[in-house]
Amino acid sequence: MSLKDKEQKALNYSSIVPCFFGITEPLLFGITLTNSKVFGAGMVGGAIAGAFATMMHIAPSVMGVTYLPAIPAYLGNGLMMYIAMIAIGMGSAMVVTKILLKTSKA
């Protein structure tokens, strides 16, 4: 592994942590916009999670916060479905990313 790979890996991990608190700009501008396949996979994951949320009528009691800070907004209002939606979105985006990046290396 080269120094550049270590630096990129550190940037990737440090960009992911703020996303858990609803701050997505480091991930968006640091990682996804630099690779169109990763960006597209994120959009697919978001679309799948959004479709799931629509079908299951998942909605918070308040607006304005996302991801972990939004958990109190779903208490008594579909918290487990909200967590399932997050898992579906993240999981599907990871699978699509792996597929797209694997096909680009072949």
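Residues numbered from 1 in each chain as written. Predicted model: local features only at pLDDT ≥ 70, side-chain atom pairs only at ≥ 80, totals over all residues. Heavy atoms only, no water.

Participant: Honestly, the overall build of the protein chain in this entry has me stumped. Any pointers?
Facilitator: Secondary structure assignment for the protein chain yields five helices and zero strands. Element order for the protein chain, N to C, with α for helix and β for strand: α-α-α-α-α. Of the roughly 7,200 Å² that the protein chain leaves accessible, carbon and sulfur atoms contribute 73%. (Helix = DSSP H or I, 4+ residues; strand = E, 2+ residues; numbered from the N terminus. Areas by Shrake-Rupley, 256 points an atom, 1.4 Å probe, with all protein chains shown as cover.)

Participant: What am I meant to see in unusual backbone geometry here?
Facilitator: Most peptide bonds take the trans form, and the phi angle of most residues other than glycine is negative. Even without being a glycine, histidine 57 presents a positive backbone phi close to 55°. Summarising the element assignment, histidine 57 is placed in the loop between helix 3 (36-56) and helix 4 (71-74). Classification of histidine 57 as exposed rests on a relative accessible area of 70%. Unusually for a residue other than glycine, tyrosine 67 sits at a positive phi of about 55°. Looking at the element boundaries, tyrosine 67 is found in the loop between helix 3 and helix 4. (Buried < 20%, exposed > 50% of the residue type's maximum accessible area, 1.4 Å probe, protein only.)

Participant: Please explain a nonpolar patch on the surface as it appears in this structure.
Facilitator: Together, Val17, Phe21, Ile23 and Leu68 make up a nonpolar patch on the protein surface, roughly 370 Å² of accessible area in all. Relative to the helices and strands, valine 17 resides in the loop between helix 1 (3-16) and helix 2 (25-30). (Patch = residues over 30% accessible without salt bridge, like charges linked within 9 Å, V, L, I, M, F, W, Y side chains within 5 Å. Salt bridge = Lys/Arg side-chain N within 4 Å of Asp/Glu carboxyl O.)

Participant: Got a minute to help me understand the packing of aromatic side chains in this structure?
Facilitator: Aromatic rings in a pair are described by how distant their centres are and how their planes are angled relative to each other. This model, assessed by the stated rule, comprises two aromatic pairs. Ring geometry for phenylalanine 20 versus tyrosine 67: centroids 5.3 Å apart, planes at 35°, classification tilted. Of this pair, phenylalanine 20 sits in the loop between helix 1 and helix 2 while tyrosine 67 sits in the loop between helix 3 and helix 4; the two residues are 47 residues apart in sequence, bridging distant segments of the chain. (Phe/Tyr/Trp six-rings, centres within 6.5 Å; stacked < 30°, edge-to-face > 60°.)

Participant: Would you take a moment to explain the environment of phenylalanine 52 for this structure?
Facilitator: Within the element layout of this structure, phenylalanine 52 appears in helix 3. Counting along the chain gives 41 residues from phenylalanine 52 to alanine 93, while the straight-line C-alpha distance between them is 14 Å. Each residue touching phenylalanine 52, except ones within four places of it in the same chain, is listed here: Ile58, Met81, Ala84, Met85 and Ile88. (Contact = heavy atoms within 4.5 Å.)

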